[in-house]
Structure formats: C-alpha cells, structure tokens
Amino acid sequence: MGKLKYTVNGFMKDMAYTAYLPGFFNDYEDSFGEAESINVELNEIPMTMIGKTQKKSITFSEDGLKVNIYFSDWREYNSKGKEKSKPTPQSVFESLKNLMNKAVSEYNDQFPNKNENG
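Residues numbered from 1 in each chain as written. Predicted model: local features only at pLDDT ≥ 70, side-chain atom pairs only at ≥ 80, totals over all residues. Heavy atoms only, no water.

### Quick word on the nonpolar core
Working step 1: Core analysis: the biggest nonpolar cluster contains 28 residues, and Phe25, Phe32 and Met100 have the highest contact counts within it.
Working step 2: Looking at this core, the elements that each hand over two or more residues are β1 (4-8), α2 (21-26), β2 (37-44), β3 (58-60), β4 (66-73) and α3 (89-110).
Working step 3: By residue number, the principal contributor to this core is α3, which donates 8 residues. (Core = buried A, V, L, I, M, F, W, Y, C linked by side-chain atoms within 4.5 Å. Buried < 20%, exposed > 50% of the residue type's maximum accessible area, 1.4 Å probe, protein only. Helix = DSSP H or I, 4+ residues; strand = E, 2+ residues; numbered from the N terminus.)

### Brief notes about the side chain of Asp73
Working step 1: Topologically, Asp73 is positioned in strand β4.
Working step 2: The exposure class assigned to Asp73 is buried, which follows from its relative accessible area of 13%.
Working step 3: Setting aside residues no more than four positions away along its own chain, Asp73 makes contact with Phe11, Met12, Asn43, Glu44, Ile45, Pro87 and Val92. (Contact = heavy atoms within 4.5 Å.)

### Examining the environment of Phe111
Working step 1: Inspection of the secondary structure puts Phe111 in the segment after α3.
Working step 2: Considered as a pair, Phe111 and Glu34 are 77 residues apart in the sequence and their alpha carbons are 9.4 Å apart.
Working step 3: Residues contacting Phe111, with those up to four places away along its chain left out, are Phe60, Ser61, Glu62, Asp63 and Gly64.

### Some words on the pattern of salt bridges
Working step 1: Applying the stated criterion across every chain yields a total of 3 salt bridges.
Working step 2: Across the pair Asp14 and Lys86 runs a salt bridge, and its minimum N-O distance is 4.0 Å. Within this pair, whereas Asp14 is found in the loop between β1 and α1 (15-18), its partner Lys86 is found in the loop between β6 (83-85) and α3, the two being separated by 72 residues in sequence.
Working step 3: Using a relative accessible area of 33% as the deciding quantity, one classes Lys86 as partly exposed.
Working step 4: Close ionic contact of Lys102 with Glu106 constitutes a salt bridge, the shortest N to O distance being 3.8 Å. Here Lys102 and its partner Glu106 are both found in helix α3, 4 residues apart, which amounts to about one turn of the helix.
Working step 5: Exposure remark for Lys102: the relative accessible area of 45% places this residue in the partly exposed category.
Working step 6: On the basis of relative accessible area, Glu106 is assigned to the partly exposed category, the value being 29%. (Salt bridge = Lys/Arg side-chain N within 4 Å of Asp/Glu carboxyl O.)

Structure, rendered in structure tokens:
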C-alpha cells in the first residue's frame, strides 16, 4: 500500500487548517487497499471560478493502484471583491472527512479484492 500524500493551496495553507492535516490523514493511510499512490489536493476555488464546473473530486486508475482526491472550498466576497469570510476549520474538516469517507467507500465498492482491511 502506498503512502498518502497531500498538497495544500490557498487559504487552507493557514495554520488553523494545516496543523491538523497530518493526524487527520493518518486515519486514512490504510484505507485504500493495495493502492500505491494516494494523492489528496486541497485547493481554494478562486472568486472567478465559484459556481463553475470543478475537477471531479475522486478518481481511481483502472487497476486501483492510483487514487486522486480533489477537495476545494472558497472564501466569500462582498460586491466590491473584498473578502467577507472564509470557511471555518471545523466546516472544512467536516466536508473533507465526508469526501474522504466517500472515497474509501467508492474504492472498496470498485475494488473489493484490493482491500486488505476487509
């Protein structure tokens, strides 16, 4: 099984978010069976892209050896383009947890014989 790797961009680089990422992702290290590459990308959606189609959040290679998870969130802006607010760390982690659990479930459904944990 591969090591889970993640990259962080945008406001999620703030310590309020990144401080908890290593422990958070440790819980998912052994969740993708025989996958050799597990990459999670955490991105901020730029103001100009809010409401537009984003990348597919979860993809697996045909053989189940590569897992890519794309998570994104955005800040809220006022009509003049000034930041009004950004998501709380709690809301980001709750959404990320839901996405990660969905990815594990989809992986296990799609590759039942590759899951060493059951």
